Amino acid sequence: MPDQSRRRFLSAAGTMIALPAFESWGWTRRLAAAADNSGARPKRVVFLGFGWGVTNDTWFPDVKQAGGSYILPEGLKPLERHKSDFTVIQGLSNQYNNEAHWGSTFWLTGANRYSEPGQSFHNSISADQVAAAHLGADTRFSSIQLGSEDVKTSGHGPGLSLAWDARGKPISGLDNPVGAFHRLFSADSLPLEQRQAKLAQRRSVLDAVLSDARRVERKLNRGDADKLDEYFQSIRDIEVRLSKEEQWLSIPKPGAPVQEPHEGLAGRDEIRMMYELIVAAFRTDSTRVITYRQPVGTLLKSLSIKFAPHDVSHYLPGERTVASQQRDTAQSELLATLIDQLKATKEPDGSSLFDHTILVYGSNIRTIHYLDNCPTLIAGRGAGLKLGEHIVLKEKNTPLCNLWLSLLNGVGAKVKSHGDSTGTLSEVLVG
Amino acid sequence: MMTSKQFLISMVLLFSLVSSGGASDVTVATMPERHRAFFKNYCVDCHNAETTEGHLRLDDVSFALDSVENAERWQKILNQLNSGSMPPKEAKRPENKEKTEFLDDLAQTLVKARKSLSDVRGKITMRRLNRREYKNSIRELLGIELDVSDLPDDRGVGGFDTVGASLFMSSDQFEQYHALGRRALNEAFARSALRGGDKNQQRRTDRRESEDLAKRVVRGTYNAYYLGGYKQAVAWRASDRSKPPSDFGLTDETEVDYRIQAFEKYGPSYGAYLSNPLSDTGSLLTSYSVPDEVIAIPPDSPSDWDKTVREPVPTGNYRLKIRIGAIAPKPQKRIFVEMGTRTSNVEFAFQRSFEITGTLPKPQIIEVVVSVTADGPRSFVFREKRPNIPGDEVFLNSIKQIGVIPDPDLWVDWVEWDGPLPTPAEHDLLIQIVGENVSETTESARAIIERFAARAFRGRPPEADFVDRLLSLFEASRKAGGSFEESLKESLSAVLASPGFLYLAEEKGETESRELTPIELACRLSYFLWSAPPDERLLALASSGELSKPEVLAQQVDRLMASEKSREFVTGFTHQWLGMDRLDFFQFNAKLYPDFDESTKAAAKAEVFHTVEHLLRNKGSLSSLLKSDFVVINGLLANYYGIEGVTGDEYRPVSLPANSPRGGLLGMAAVLAIGSNGETTSPVERGAWILRKLLNDPPPPAPPNVPQISRLEGKLLTARERLLAHQEEPQCASCHRKIDPIGFGLENFNAVGVWRTEDRYVKPGVGTKEWPIDPAGAFHNGPAFKSYFELRDLIAAREGDFARGFSEALIEYALGRPYSFSDEDLALRLVAQAKAKNFSLQEFFQALVASPEFRR
C-alpha cells in the first residue's frame, strides 16, 4: 500500500501533511475495497446470544406452518415489519452440550466438553473467529466481542464472551458500552511520534517478558509447557495486534457516528446502546465481525420483572410465563430496532448495511433445560441465505454447525467444516 | 478390537495401578450387569446390527464406559430416555420402577465415567495465579489493595479457582495484568515515604459539625423548593390570574398544581425535621428526607448535586470518625448503622455495619480506616440499616401511615476524616526494595529491578537476560525524558506481567513426579493456606532446607493457619466449597423479607466463615459443622436469630439452648437462603445441597431435555403436593426420590432461614392455601425422620461421609487439579488420620501437607 508507506515516510521525516485520506474514514474504506478483489462491499457478521432461551409456546412459529406464509408468534411480533427479511429455523442443536445452564459456551463451537481424555473441559474455535480470520485483515479490529458485566445470572455458561480462539481458549470482551465506545472511537491525542515510541516500548515489554517465559519453559514438563504455551500465544496475539496498530497508527480512528454513552447503562438501555455501537462499528468499517453476549438479569430488572433470570427461564403458567414472554418481546423489540438501523445505514454504493450483513440471534438453550431445537433467527443478506422463511428441518437434530458452515461459506470463508458439522444446510441456501 | 487410543488409556491405567500400589482398581465406570435385561427388552429390537434405527446400534455397546466414545454413546442413551422419546410409544416400554432404577444407575455411572476419563492421574498443571491470589500477591509485594474486579473471577468451569487447567491466559488478560501492575506501582510510589517527605504536611484533619451541612440542605430545600414554590403557587392562585404563572416564578399551571401537591406531600416531613430541636446540634438519620451522612474526601461543597469539581487529595489511608447516638433507645428495637461507598454510578455499595449502643447523653464514636486510591470511591455513606427498598418507597409508606417521615432513630454529632495516614514503616514495602536516598543512576536502577524481580518471583532470582531487557525499558524511558521513578515503573510493571510472577511454575525433574524443591514447597504451602506468597520466614526455612523436615513443616502449617492471613483461605475455600455464590444470584424479595437486608445477608455469610475460622483456630471438629451446641455470631445476627445477650460487631462463640435449631451449617441463615430463590424455599435445592456438600452423595447434574411438569401450576396445593409430581415420571423420580424428602425436612425454615411452623401459597385471583409444616420424611432406602431435629441428627451421624467429601474438596483446592479416582487413596488417609483425632479440622490440613502427594 504505497499511500501508507508514504505516510510513514512523511511522518518519519517529521512532516505532518494532511493527506485527504487523513481526515476521513473514506480512505480506510478505499483501502478495504482495494483489498477486496471483487470490488463488492465487505461482508459483515454479527452473532447475538441471549443466554437463557425463550418461551417455547409463544416464541417459535407453528411447525405446521413451514414456508413463507407463516404466522408470527407473539414473541416475534415486534419483528413484523421485517418479516420478509429474516428466517426462523427449527431443528438445530449441538449434540454434545449437556450443560443445561450453558447457553453460550458451545453455541458457536459445537465442541464436546469431554472430548479430551484427562481434561474436564475442552472447547474449540467459534464460528465468529473463523469468520474473523477471513474478514478481519483489512479492518482496525479483526473482530470485536461485546458483553455485559451481568454474566453470572444470564445463563451463558463459562467463557469471557461468545468467542473462543483457534485453540479453544476464551476471548475476553468489552463488557460495557462506554468501554466499547472508547475502544472503537476514542482518538489518541498524542502526536504520532510519541505513539510510535509507545508502540516500541510495548514491544520491548513483550521482549522482556518473553525472556522470562523462556526461562520458565526450559524447566517444564510437557503438560505444563502446553499451559505456558497459552502465555506465548497471548504474546503472539499482542504482537499481531501491535503490527496491526502500527499499520493503522497514522490513520486516525473514525469520528464516532454515535454519542458517547452514559456510564451505568443497564438492561434494555445497555443492549440498545450496544446495538447502536454495532451499527457504528460496521458503518465505519472498524471491524466486520462482532459477537455480543447479551445481559438477561439486568434486562429483566429494567423491565421491572422481579424474578431471577434462571427462575424466569423455568417459567410456569402464570406470573413467570408472563415475565418470560415480556423478556422475549423486549428482546425482539430491540432486535427490530437493530435491523431498522442496519437497513437505514447506507453504503457508498447506495445499498444498505443490511445487504452486506449476516446477523444471527439465538442461544444454545431453547427453553427451561432444553438444549434441542436451539432458537435460531437469521437476518441480513450478507451471506446470501434464504430470508422471509420459517424453516422446519426434517432431521430434528441437525448440527447447529451446519448453519455456521453455510454462513461462513456465504461470507467467503471457504472452510470445509466447522465444529461437528456434517455439511452445509441446503434448506437455507438460495437456489 | 481395541483402538490405539483405548490401548493407550489401558496402558496408562495399568501404569497407575502399578505405581500407586493397586490403591485404585475401580477407575473404569461400569454399568451394572443387571441392566442387560433392560437393554435386551427395550432397545436392541430396533437398534441392532441389521436394523440400526436412528443410526444407532446398541447390541454391541460395552457396559464398561472406558473411552470418551463409549461414554458419549451412553450419554445419548441417557438423553433419549430423559426426554421420554425412547422407547417410542408404539414399542414395548418399561415399567416406571424399572426405568427409574435404570436411569438412576446410568446417570451415576456417567458421572463416574466423566470423572474417570478426565482423571489427570495425580498430575498438577502449572497454574496462573487466580484473581484472589493475584490480588494478595500484589498486596504482599507492594502493600497495595488493588481493585481487581476487571479480571475474570476464574470460577467458570466448575471446581475451584485453584485448578490450573481452567486458569486461562489471553492477550487481553496479559494487557490487564500489565496495566494493573502499573496502577499498583503508581499507588505504591504515591504512598511510600520515598516521595513523601512532605506527606505529613499533606495530612489534614477535617471535622464537620453535622448540623452545618444537614440543616443547610434541608432548610435550603424546604425554603427554596417546597415552601418557596408553594408560596409562589398560592400567590398566583390568589391573584386575579391576569398574569401568567411565569410572572410568579413558575413555568405554567401544571407546575402550580405540582408545587402545591409536592408541598402538601413532602413539606410536613421537612418541617418536622427542621423543628426537631436535635437538628440544631447534629444531623438526624432518617430513612429519606435528609441525605445520608456522607463523608467525602475532599468534602462535597456544599453537597453532591451541584457537581462541584473536587480538588485532588493524596491517595492513602484515611481515618473516618463519626460521633453518633440513638435518640430514644427502645429495648425491643436494636439499632444498626450500615456503611457503604458512593460513586457516580452506585448510590450505595454496602461495606459493613455497626451496632449502635451510644445514646444521646452518651454518644459513641465509630472509627474506620478506609483506603483512598486514585480511581476508587472517595465518598463514604453512613445510614441506618434498612430494607433493600428504594428510599422514597419507605418514605411514601410512612407518609401514607403517619403523614410524615418516621421519627429519626439516630443523631450524629459530628463527622471527621483524617489523612492520609503515614504508611507504617513495615507496610512501606517499596522503600525496602528501592532504598532511601537512592542515586538516580542506571546502576541503582539495575539493583532495584533485580531486588524487585526476586521478590516478585518468590525467592527465585531473575536471569541476567531478563534484567537486561527490563533495564533497556528503563533506559528508553529515561532517554525520552521520563523521570527516574517513571522509568523504573516501566521496568517493574513488566515484571508484574511476566510468567515468573503470574505462574506458580514447578520445575520438572528427571521423572514426571519428582519432589518439589523447598522453595516450591513453600509456595505451594502458602498459596494453599494464605492464597498468598510465602513470607520471609517460610522462604528462609526453605532456603536452609529445614522446611523439608516433617516436624518443621508441621509447625509451619500451624503457624500459617494461626496467622490472620489464613482468612484468605477460609473465605476463598469455604465460599466455593459450599456454593455460596448462589446467594448473589437473585434479589431477596424485600417486601416479604425486609429484615434480610444487605447488612443481614453480609452477616449471614460472615457467620459461615467465622465458624470455620473458629474451628480451625481452636482445634474444633469438622463435625461441628453438622451439629453443634454453639454458634459464632455478632450482635446483628443474634438479633436476627432471636438469641439474647450478644451485643457488638465482633463474631464470637455463643452457647445455644438444647432445643435450638441453630448450631451447624443446617441452621445458618446463609445456607438456608442458598436453598431458596429469594421468594420461596426450594426443597430441591436444599436436598441436593445436603447430598452434595454434607453427605458426599452428589446427585448427577440437572439433565437437559427432561420434560417439565407444569400441569399443577395455579392449583392451590402445598409445596409437598406440588413436588410429589416428581415421583410420577421415572426421569424425575430417579433423582428426586433422593433429593426431595431431605429438602422437606428443612421446611421449618423460610427462604431466609427464619423458623416457621406454617407455610402458605397465594394465587392471586384463585385464593390462598395455608398449611402446617410437616417436615417428616425418610432417606431413599434409608432411615425415617419426624422432624428437622431428627433429620439433623441423622445427618450428623454421617460425619465420616462429610469428612470424606470435605477431604476431596480440600485435595482439589490444595493441589489445583480436579479430584478423581487416583486421589482416593489420599482421601482415605486424610479421613483416617482426622478421625483418630475426633475429626479435628486442623488434622486434615496436617495430613494433607504431610502426604507425599502434596510434595510432588
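Residues numbered from 1 in each chain as written. Chains lettered and ligands numbered in written order. Predicted model: local features only at pLDDT ≥ 70, side-chain atom pairs only at ≥ 80, totals over all residues.

1. Considerations on the overall build of chain A
How we decide: What counts as a helix is a DSSP run of H or I of at least four residues, what counts as a strand is a run of E of at least two, and both are numbered from the N terminus. Counts of 20 or more other C-beta atoms within 10 Å of a residue's own C-beta define buried residues, counts of 12 or fewer define exposed ones, and intermediate counts define partly exposed ones; C-beta atoms are placed from the backbone.
Assigned secondary structure in chain A consists of 13 helices and nine strands. Out of the 431 residues in chain A, the part that is buried amounts to 49%.

2. Here we look at the overall build of chain B
To keep it simple, the criterion reads: Our contact criterion uses C-beta atoms placed from the backbone: two residues qualify when those atoms are within 7 Å.
When helices and strands are counted, chain B shows 29 helices and 19 strands. If you line up chain B on its principal axes, its C-alpha atoms span 100 × 85 × 55 Å. The proportion of buried residues among the 856 residues of chain B is 43%. Looking at chain B alone, contacts between residues at least 24 apart form 72% of all its contacts between residues at least 6 apart.

3. Focus: the interface of chain A and chain B
Which entries qualify depends on this criterion: Three categories are distinguished: nonpolar for Ala, Val, Leu, Ile, Met, Phe, Trp, Tyr, Cys and Pro, charged for Asp, Glu, Lys and Arg, and polar for the others, with Gly belonging to the last.
Contacts between the two partners involve 56 residues from chain A and, on the opposite side, 65 residues from chain B. Listing elements by their share of the side of chain A that touches chain B, those giving two or more residues are α6 (192-218) and α7 (222-247) of chain A. Broken down by element, the side of chain A that touches chain B gets its largest block of residues, twelve residues, from α6(A). Grouping the constituent residues of the side of chain A that touches chain B by class yields 25 nonpolar, 16 polar and 15 charged.

4. Some words on the pairing of strand β2 (residues 86-90) of chain A
Residue and element names in this part refer to chain A. Rule in force here: DSSP calls a pair of strands paired once it identifies at least 2 bridges connecting them.
Note that β2 and strand β7 (residues 376-379) share four bridges and pair antiparallel. Among the inter-strand pairings, T87 is bridged to a residue of β7, identified as I378. The pairing of β2 with strand β8 (residues 390-392) spans three bridges and is classified as parallel. Its bridge partner lying in β8, I89 is registered against I391.

5. Concerning the pairing of strand β8 (residues 335-342) of chain B
Residues and elements named next belong to chain B. Burial within β8 is extensive, with six of its eight residues counted as buried. Two elements, β8 and strand β9 (residues 349-356), share seven bridges in a ladder whose sense is antiparallel. When the sheet's bridge partners are listed, F336 is paired in β9 with E355. Examined bridge by bridge, β8 and strand β11 (residues 379-384) share six bridges and lie antiparallel to one another.

6. Let's talk about the domain arrangement of chain A
Residue and element names in this part refer to chain A. Here is the rule: Each domain's extent is set by a domain assignment, obtained either automatically or from a database.
Split into domains, chain A comes out as domain 1 (1-35), domain 2 (41-187 + 252-428) and domain 3 (189-250). Distance between the C-alpha centres of domain 2 and domain 3: 32 Å. Each partner contributes residues to the interface: domain 2 has four residues there, and domain 3 has four residues. A per-class count over the side of domain 2 that touches domain 3 returns one nonpolar, no polar and three charged.

7. Quick word on the domain arrangement of chain B
Residues and elements named next belong to chain B. Its domain assignment divides chain B into domain 1 (4-117), domain 2 (125-203 + 426-505), domain 3 (206-419), domain 4 (563-674) and domain 5 (677-797). Listed as interface residues are eight residues of domain 2 and, on the opposing side, eight residues of domain 3. Tallying contributions element by element places helix α6 (residues 171-191) first for the side of domain 2 that touches domain 3, with four residues. Its residues placed into classes, the side of domain 2 that touches domain 3 shows one nonpolar, two polar and five charged.

8. Description of the sheet that holds β7(A)
Adjacent strands of a sheet form backbone hydrogen bonds with each other and so pair up, either parallel or antiparallel. All names here are of chain A. Stated precisely, the cut-off is as follows: Each axis is a line fitted through C-alpha atoms, taken for helices only over the stretch in contact, and angles between the N-to-C directions span 0 to 180 degrees.
Sheet architecture is open: seven strands sit in the order β4-β5-β1-β6-β7-β2-β8, paired in mixed fashion. Edge strands, defined here as strands with exactly one partner in the open sheet, are β4 (144-146) and β8. Here the strands of the sheet are splayed against their neighbours by 15° on average, with no regard to which way each runs. With three bridges connecting them, β4 and strand β5 (residues 289-293) associate as parallel partners. In the sheet register, I144 faces β5, and the bridge partner there is I290. Seen against the sheet, helix α8 (residues 268-283) touches β1 (44-49), β4, β5 and β6 (357-362) and runs at an angle of roughly 175° to β5.

9. Topic: the sheet that holds β11(B)
Residues and elements named next belong to chain B. Across the sheet, which stays open at both edges, the four strands sit in the order β6-β11-β8-β9 with antiparallel pairing between neighbours. At either end of the open sheet lies a strand with only one pairing partner, and these are β6 (293-296) and β9. Here the average twist between neighbouring strands, direction ignored, is 20°.

10. Some remarks on helix α29 (residues 841-850) of chain B
Residue and element names in this part refer to chain B. Within α29, eight of the ten residues are buried, which leaves it mostly tucked inside the rest of the structure. Considered for burial, the residues of α29 that qualify are L841, Q842, E843, F844, F845, A847, L848 and V849. Contacts from the buried residues of α29 go to α16 (518-529), α18 (550-562), α20 (598-617), α27 (799-815) and α28 (824-835).

11. Concerning the packing of helix α12 (residues 442-456) of chain B against helix α13 (residues 464-479) of chain B
The description of two packed helices rests on the angle between their axes and on the distance between the axes. Residue and element names in this part refer to chain B. Heads up, the condition is: Should an angle lie under 35 degrees it is considered roughly parallel, over 145 roughly antiparallel, and from 65 to 115 roughly perpendicular; all remaining angles are considered oblique. Here a crossing is taken to be left-handed if its near helix is turned anticlockwise relative to the far helix by less than a right angle, and right-handed if that turn runs clockwise.
Interhelical geometry of α12 versus α13 gives an angle of 130° and a closest axis separation of 10 Å. Classified by the angle between their axes, α12 and α13 sit oblique to one another. Read as a crossing pair, α12 and α13 show a hand that is right-handed. Here T442, A445, R446, I449, E450 and A453 of α12 come into contact with α13, specifically with V467, L470, L471, F474 and E475.

12. Some details on the confidence of the model for chain A
Note: predicted coordinates in regions of low pLDDT should not be interpreted at a detailed level. Threshold: Confidence of the predictor in every single residue is expressed as pLDDT, which spans 0 to 100.
Scored by pLDDT, chain A has a mean of 86; 89% of the residues are at 70 or more. Ignoring residues within four places in sequence, the model shows residues 1-38 of chain A, a span with pLDDT below 50, making 27 contacts including any to other chains.

13. Considering the environment of G642(B)
All names here are of chain B. Structurally, G642 can be placed in the loop between α21 (635-641) and β15 (652-655). Classification of G642 by C-beta neighbours within 10 Å gives exposed; the count is 10. Between the C-alpha atom of G642 and that of V754, which follows or precedes it by 112 residues, the distance is 9.7 Å.

14. Description of unusual backbone geometry
Residues and elements named next belong to chain B. For the bond running from G419 to P420, omega is 0°, close enough to zero to count as cis. Its identity as a non-glycine residue notwithstanding, R458 has a phi of 60°, on the positive side. Summarising the element assignment, R458 is placed in the loop between α12 and α13. According to the C-beta neighbour criterion, R458 is buried, with 23 such atoms within 10 Å. Even without a glycine there, the phi angle at S531 is positive, about 55°. In this structure, S531 sits in the loop between α16 and α17 (536-543).

15. Here we look at the confidence of the model for chain B
Residues and elements named next belong to chain B. Looking at chain B as a whole, the pLDDT averages 86, with 90% of positions reaching at least 70. Summarising per-element confidence for chain B, the mean pLDDT is lowest in helix α1 (residues 4-19) (39) and highest in strand β14 (residues 630-633) (98). Here residues 1-25 is a poorly scored stretch, pLDDT under 50, and it has 21 contacts once near neighbours within four places are set aside; other chains count. Low pLDDT, under 50, characterises residues 302-308; the stretch is placed with seven contacts to residues that sit more than four places away or in other chains.

16. Description of helix α9 (residues 253-275) of chain B
All names here are of chain B. Where we set the bar: Given the number of residues in a helix, its expected span is that number minus one, multiplied by 1.5 Å. To get the bend at any residue, fit one axis to the seven residues that end at it and another to the seven that begin at it, then take the angle between the two axes.
End to end, α9 covers 31 Å across 23 residues, agreeing with the expected 33 Å (1.5 Å per residue, within 8%). Of all the bends in α9, the largest measures some 45° and sits at Y266, one to four residues before the proline P268. V256, R259, F263, Y266, S269, Y270 and Y273 are the residues of α9 that are buried. On its buried face, α9 is in contact with α8 (210-238) and β5 (283-285).

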